[in-house]
Amino acid sequence: MTRSALPYTTLAILFSLGCAVAPRPVSEPTCETTTEAMNLVTYAGGAGDSYEDAIVIRGARCMRQAVEAERLWLDKYYPGYTVIGGARDVDPVGRASARVFSTLRVALPDGTAVIIIFDVSEVQGA
């Protein structure tokens, strides 16, 4: 490496390292799934077996917390489950709605499959 290229190479390395570990801007909220954060999440609505009876997730500040809330709910009501499919539904077919749904297809330990519908409309970024 020539002596004149050394400063540019050094700057390039420092710049790339600085970008890789740059702190999060103050305006960008954090979204942690700590026990304290998840204790603020509540559930309303119904049993989750239809859009009308969806489980409403409240208090989740982002989709990461909403997904964790779904997992916690499933752990409680369907222990041993396995998620085998899922989708986010906005205005499901035949329904004019401003609601956003997270639909999960879950296999239970006994081999049966059920569909659980969560309403995530109140979650920022849904």
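We now turn to the structure provided with this report. (Residues numbered from 1 in each chain as written. Predicted model: local features only at pLDDT ≥ 70, side-chain atom pairs only at ≥ 80, totals over all residues. Heavy atoms only, no water.)

Of the regular secondary structure elements, the protein holds 3 helices and 5 strands. For the protein, the N- to C-terminal ordering of α and β elements is α-α-β-β-α-β-β-β. In the protein, buried positions account for 29% of the 126 residues. Considering only intrachain contacts with a sequence separation of at least 6, the fraction spanning at least 24 residues in the protein is 48%. Entry remark: accessible area of the protein is about 8,300 Å², with carbon and sulfur atoms responsible for 59%. (Helix = DSSP H or I, 4+ residues; strand = E, 2+ residues; numbered from the N terminus. Buried < 20%, exposed > 50% of the residue type's maximum accessible area, 1.4 Å probe, protein only. Contact = heavy atoms within 4.5 Å. Areas by Shrake-Rupley, 256 points an atom, 1.4 Å probe, with all protein chains shown as cover.)

With the rule as written, the count across this model stands at 4 aromatic pairs. A ring pair is formed by Trp73 and Tyr77, whose centres lie 4.6 Å apart and whose planes are at 35°; its orientation type is tilted. Here Trp73 and its partner Tyr77 are both found in helix 3 (residues 63-77), 4 residues apart, which amounts to about one turn of the helix. By relative accessible area, which is 46% here, Tyr77 ends up partly exposed. (Phe/Tyr/Trp six-rings, centres within 6.5 Å; stacked < 30°, edge-to-face > 60°.)

This part covers the nonpolar core. Core analysis: the largest hydrophobic core is formed by 19 residues, its most contacted members being Ile57, Leu74, Val106, Ile116, Phe118 and Val120. Among the secondary structure elements, those contributing two or more residues to this core are strand 2 (55-58), helix 3, strand 4 (100-107) and strand 5 (113-119). Per element, the largest residue contribution to this core is 5 residues, and it comes from helix 3. Residue contacts for Ile116: discarding those within four places in its chain leaves Gly48, Ile55, Trp73, Leu74, Tyr78, Ser102, Thr103, Leu104 and Val106. (Core = buried A, V, L, I, M, F, W, Y, C linked by side-chain atoms within 4.5 Å.)

Attention now moves to the state of the cysteines. In protein chemistry, a disulfide is the covalent bond that joins the sulfur atoms of two cysteines. Going through the model one piece at a time under the given rule, you end up with 1 disulfide. Here Cys31 connects covalently by a disulfide to Cys62, the sulfurs 1.3 Å from one another. Placement of Cys31 in the loop between helix 1 (6-20) and helix 2 (35-38) and of Cys62 in the loop between strand 2 and helix 3 is noted, with a sequence separation of 31 residues between them. Assigned by exposure class, Cys31 and Cys62 land together as buried. (Disulfide = S-S within 2.5 Å.)

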